[in-house]
Amino acid sequence: MFKGSFPALVTPFKNGEVDWDTLKKLVEWHIAEGSNGIVPVGTTGESPTLSHEEHNEVVKVVVETAAGRVPVIAGAGSNATAEGVELIRHAQANGADAALVVTPYYNKPTQRGMVAHFTALHDACDLPIIIYNIPGRSVVDMSPDTMGQLAKLPRIIGVKDATGDLSRVAKQRMTCGAEFIQLSGEDATAVGFNAMGGVGCISVTANVAPKLCAEMQAATLAGDYAKALEYQDLLMPLHIAIFLEPGVAGAKYAMSKLGLCSAEVRLPLTELTDATKAAIDAAMTHAGLI
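What you are looking at is a predicted structure, and each value in this text was computed from that prediction instead of being measured.

> Please give an account of the overall build of the chain that cites residues and values.
Secondary structure assignment for the chain yields twelve helices and nine strands. Relative to the 2.2 N^0.38 estimate, which gives 19 Å for 290 residues, the radius of gyration of the chain is 18 Å and therefore close to what a compact globule would have. Looking at the 290 residues of the chain, the share that counts as buried comes to 53%. Across the chain, contacts joining residues at least 24 apart in sequence account for 72% of those joining residues at least 6 apart. Within the structure as shown, the chain displays about 11800 Å² of accessible surface, and the carbon and sulfur contribution to it stands at 54%. Here the chain contributes 22 positive and 31 negative side-chain charges, whose respective centroids are spaced 3 Å apart.

Next up, the structure:
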């Protein structure tokens with residue numbers, strides 16, 4: 001179920017509020033373009049600046065709009081375990097297929113603390129859980145050994161790995177087993193990630209180029225890495241340009257160029273500089289998107 005290209009879906013805004021009609025249109029567009037699933041209310045969905053009510057409603061709307069056509073992996077992470085329990089229970093109640101749970105940020109738990117945190121969320125609901133390991137944002141790094149310990153729990157089924165360390169895929173196969181689902185959290189190394197044993201990517205760039213990202217993933221899963229590299233050559237300038245500033249701002253600007261949603265982000269994020277806009281324009285032209 002969880003293989004291929006999964007856009008880390010943006011949350012569209014209009015005059016400071018969630019644009020619900022556009023959110024539904026984005027889900028429909030991603031399904032039509034061949035995305036293999038959708039991941040709402042992650043970092044790219046601006047979960048840090050959504051209220052809990054908005055967060056839960058986004059999950060509900062995405063699940064209802066997808067209507068079982070593709071799996072929905074709902075963001076349900078927090079650095080407070082009790083809050084994480086509430087979010088994951090809401091995700092289950094709203095019909096999500098799985099939850100994406102980030103390692104607790106800011107309070108810097110030990111490996112033992114991360115085991116306790118994820119075990120508590122696992123025991124609080126019946127949803128499959130995908131660990132989100134992103135040391136660059138959360139400051140803590142879940143080790144392959146710790147992940148292997150958690151992988152013994154029946155509903156901890158995989159990882160979104162944003163370490164950028166391709167050797168992690170092999171190490172996590174050692175500790176978690178070959179069936180443990182490993183999804184890349186970094187667009188720029190997604191092809192190499194799958195070559196090492198990954199099976200997909202939770203992608204920021206797929207917000208802008210879902211068809212290309214899905215076809216690239218399909219090529220890797222078919223073992224056609226020559227074809228996958230052709231796609232990556234088209235997409236690489238876009239991967240770079242989108243992340244010159246925070247990725248959600250870059251993605252929303254590019255999406256606005258395609259008429260998909262506004263470029264609006266919530267503070268403390270801001271509108272892109274003209275130089276970044278020009279870089280994204282050039283990358284979109286290179287990829288054949290405009």
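> Describe helix α9 (residues 210-221), with residues and values.
Counted at 1.5 Å a residue, the expected span for α9 with its twelve residues is 16 Å, and the 16 Å between its end C-alpha atoms agrees. Burial in α9 covers these residues: Pro210, Leu212, Cys213, Ala214, Met216, Gln217, Ala219 and Thr220. On the buried face of α9, the contacting elements are β1 (4-7), α1 (20-33), α8 (190-195), β9 (200-203) and α10 (225-242). Just downstream of α9 lies Gly223, where phi reads positive at about 80°.

> Account for the sheet that holds β1, with residues named and values stated.
In a beta sheet, neighbouring strands pair by backbone hydrogen bonds and run either parallel or antiparallel. With parallel pairing, the seven strands of this open sheet are ordered in space as β1-β9-β8-β7-β6-β5-β4. Both edges of this open sheet fall to β1 and β4 (73-75), since each of them pairs with a single strand only. The mean inter-strand angle of the sheet, taken between neighbouring strand axes irrespective of direction, is 30°. Pairing of strand β7 (residues 156-161) with strand β8 (residues 181-184) involves four bridges; the strand directions are parallel. Following the sheet pairing, Val159 is matched in β8 by Gln182. Lying on the sheet, helix α7 (residues 167-176) is in contact with β6 (129-133), β7 and β8; it crosses β8 at an angle near 165°.

> Go over the packing of α10 against helix α12 (residues 274-286), please, and point to the residues and values.
In a packed pair of helices, the relevant descriptors are the angle between the two axes and the axis-to-axis distance. Where α10 meets α12, the closest approach of the two axes is 8 Å, and the angle between their N-to-C directions is 165°. Between α10 and α12, the angle is such that the two are roughly antiparallel. The handedness of the crossing between α10 and α12 is left-handed. The segment α10 lies against α12, with Asp233, Leu234, Pro237, Leu238, Ala241 and Ile242 engaging Thr276, Ala279, Ile280, Ala283, Met284 and His286. When the residues that make up the contact of α10 with α12 are grouped by side-chain class, the tally is nine nonpolar, two polar and one charged.

> So what about the packing of aromatic side chains? Which residues, and what values?
Given two aromatic rings, one states the distance between the centres and the angle between the planes to describe the pair. Applying the stated rule across the entire model yields zero aromatic pairs. The ring of Tyr132 carries Lys160 above its face, with NZ or CZ at 4.0 Å from the centroid.

> Describe the environment of Leu121, with residues and values.
The topology assignment puts Leu121 in helix α4 (residues 111-124). Sequence spacing of Leu121 and Val101 is 20 residues, and the spatial spacing of their C-alpha atoms is 8.9 Å. Not counting the four nearest positions on each side in its chain, Leu121 is found in contact with Ala76, Thr81, Gly84, Val85, Ile88, Val101 and Ile129.

> Please provide a residue-by-residue account of the pattern of salt bridges, values included.
Applying the stated rule across the entire model yields eight salt bridges. Glu28 is the partner of Arg69 in a salt bridge, and the nearest nitrogen-oxygen pair spans 3.0 Å. Of this pair, Arg69 sits in the loop between α2 (52-66) and β4 while Glu28 is found in helix α1, placing the two residues 41 residues apart along the sequence. The shortest N-O distance in the salt bridge between Arg168 and Asp165 comes to 3.9 Å. The class of Arg168 is buried, set by a relative accessible area of 11%. It is possible to trace a salt-bridge network through shared partners that takes in Asp141, Asp165 and Arg168.

> Provide a residue-level description of the environment of His117, including the pertinent values.
Relative to the helices and strands, His117 resides in helix α4. Its relative accessible area of 4% is what places His117 among the buried residues. Considering only alpha carbons, one finds His117 and Asn79, 38 residues apart in sequence, at a separation of 9.0 Å. If we ignore the near neighbours within four places in the chain, the residues touching His117 are Ser78, Ala80, Thr81, Val101, Val102 and Pro104.

> Quick rundown of the pairing of β9? Include the residues and the values.
Neither face of β9 is left uncovered, since the one carrying Gly200 and Ile202 and the one carrying Cys201 and Ser203 both have all their residues buried. Pairing analysis gives four bridges linking β1 to β9, with the strands arranged parallel. Across the sheet, Ser5 pairs through a bridge with Cys201, a residue of β9. The pairing of β8 with β9 spans two bridges and is parallel. For Ser184, the partnering residue across the bridge sits in β9 and is Cys201. Crossover connection from β8 via α8 to parallel β9: handedness right-handed.

Rules used throughout
- Per chain, the residues get numbers from 1 upward, laid out in the order the sequence is written.
- The predicted origin of the model limits local features to residues at a pLDDT of at least 70 and limits the giving and counting of side-chain atom pairs to 80 or more, whereas totals for whole chains, interfaces and linings rest on all residues.
- Water and hydrogen atoms play no part in the side-chain values, which are based on all heavy atoms of the structure.
- In DSSP terms, a helix is any run of H or I states spanning at least four residues, a strand is any run of E spanning at least two, and both are numbered starting from the N terminus.
- Each radius of gyration reported is based on C-alpha atoms, and the globular scaling rule is 2.2 Å times the count of residues to the power 0.38.
- Burial classes follow relative accessibility: with a 1.4 Å probe on protein chains only, a residue under 20% of its type's maximum area counts as buried, one over 50% as exposed, and anything between as partly exposed.
- Contacts between residues were defined by any pair of non-hydrogen atoms, one from each residue, lying within 4.5 Å.
- Areas reported as accessible are Shrake-Rupley estimates using a 1.4 Å probe. Residue values count occlusion only from the protein chains shown.
- Charged residues are defined narrowly, with Lys and Arg counted positive, Asp and Glu counted negative, and His plus the chain ends left uncounted.
- Every charge is mapped onto a representative atom, which is NZ of Lys, CZ of Arg, CG of Asp or CD of Glu.
- The span one expects for a helix is its residue count, reduced by one, times 1.5 Å.
- Strands qualify as paired when DSSP identifies two bridges or more between them.
- Axis definition: a line fitted to C-alpha atoms, limited for helices to the stretch in contact. Angles are taken between N-to-C directions and run from 0 to 180 degrees.
- Our angle categories are set so that under 35 degrees counts as roughly parallel, over 145 as roughly antiparallel, 65 to 115 as roughly perpendicular, and the remainder as oblique.
- For any helix crossing, the convention is left-handed if the near helix is rotated counterclockwise from the far helix by under a right angle, and right-handed if that rotation is clockwise.
- Any residue outside Ala, Val, Leu, Ile, Met, Phe, Trp, Tyr, Cys, Pro, Asp, Glu, Lys and Arg is labelled polar, Gly included; the first ten of those are nonpolar and the last four are charged.
- Aromatic pairs are defined between Phe, Tyr and Trp rings, using the six-membered ring for Trp, whenever the two ring centres lie within 6.5 Å; interplanar angles under 30 degrees are classed as stacked, those over 60 as edge-to-face, and all others as tilted.
- Counting as a charge over the ring demands two things of the Lys NZ or Arg CZ atom: a distance within 6 Å of the ring centre and an angle within 35 degrees of the ring normal.
- Take a side-chain nitrogen of Lys or Arg and a carboxyl oxygen of Asp or Glu: if they are within 4 Å of each other, that pair is a salt bridge.
- With the strands aimed away from the viewer, a crossover counts as right-handed if its path from the first strand over the helix to the second runs clockwise.

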